[in-house]
Amino acid sequence: MGELPKAVIERMLKQKSGLRISSEAVEEVSRLVENFINCVAEEGAILAKHAGRSTLMASDVKLAVRRASEELNRSATR
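All figures in this text were calculated on a predicted structure; none of them were measured in a lab.

**Student:** Explain the environment of Gln-15 to me, using residue names and the numbers behind them.
**Tutor:** By secondary structure assignment, the location of Gln-15 is in helix H1 (residues 6-17). Counting along the chain gives 35 residues from Gln-15 to His-50, while the straight-line C-alpha distance between them is 40 Å.

Below, the structure written as structure tokens:
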């Protein structure tokens, strides 16, 4: 953890929100984004291996994100 530059995260949050950003908010977004990337990488790797490839492709990432979104939607409606 901690590999994403906090300055980049803070700058993006400021640009999109127009607000000042607390250090706690930057830390939380950093944690969430890193977790998201880890989940997408793990699911994408499963998909690539299932397809007989050793390379993670954009199509694997897109499907992994779509699956994660669908799972979030299902769990939110329970």
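What follows continues from the structure just given.
**Student:** Quick one: what's the story with the packing of H1 against helix H2 (residues 23-50), residue by residue and with numbers?
**Tutor:** Contact pair H1 / H2: the axes reach a minimum separation of 9 Å and the direction vectors enclose 105 degrees. Put simply, H1 runs roughly perpendicular to H2. Within the contact between the two elements, H1 uses Lys-6, Ile-9, Glu-10 and Leu-13 and H2 uses Val-26, Glu-27, Val-29 and Ser-30.

**Student:** Can you lay out the pattern of salt bridges for me, pointing to particular residues and giving the numbers?
**Tutor:** All chains considered together, the criterion is met by five salt bridges. Across the pair Lys-6 and Glu-27 runs a salt bridge, and its minimum N-O distance is 4.0 Å. Here the residue Lys-6 occupies a position in helix H1, and Glu-27 occupies one in helix H2, the gap between them amounting to 21 residues.

**Student:** Got a sec to walk through the side chain of Ser-30? Specific residues and values, please.
**Tutor:** The topology assignment puts Ser-30 in helix H2. For Ser-30, the residues in contact, after removing those within four places along its chain, are Leu-4, Lys-6 and Ile-9.

**Student:** Tell me about the confidence of the model for the protein chain, and name the residues and values.
**Tutor:** Averaged over all residues, the pLDDT of the protein chain is 92; the fraction at 70 or higher stands at 96%. Mean pLDDT values for the elements of the protein chain range from 87 in helix H3 (residues 58-76) up to 97 in H1.

Thresholds applied
In every chain, residue numbers begin from 1 and rise along the written sequence. Confidence filtering applies because this is a predicted model: local features only for residues at pLDDT of at least 70, side-chain atom pairs given and counted only at 80 or more, and all residues used for totals across whole chains, interfaces and linings. Derived side-chain values reflect all non-hydrogen atoms in the structure, with water molecules and hydrogen atoms excluded from consideration. In this text, helices come from DSSP runs of H or I with a minimum length of four residues, and strands from runs of E with a minimum of two, each type numbered from the N-terminal end. A fitted line through C-alpha atoms serves as each axis, taken over the contacting stretch for helices, and the angle formed by two N-to-C directions is quoted from 0 to 180°. Should an angle fall under 35 degrees it is called roughly parallel, over 145 degrees roughly antiparallel, and 65 to 115 degrees roughly perpendicular, with every other angle called oblique. In this analysis, two residues are considered to be in contact whenever any of their non-hydrogen atoms come within 4.5 Å of each other. Salt bridges are counted wherever a side-chain nitrogen of Lys or Arg sits within 4 Å of a carboxyl oxygen of Asp or Glu. The predictor's confidence in any single residue is recorded as pLDDT, a number from 0 to 100.

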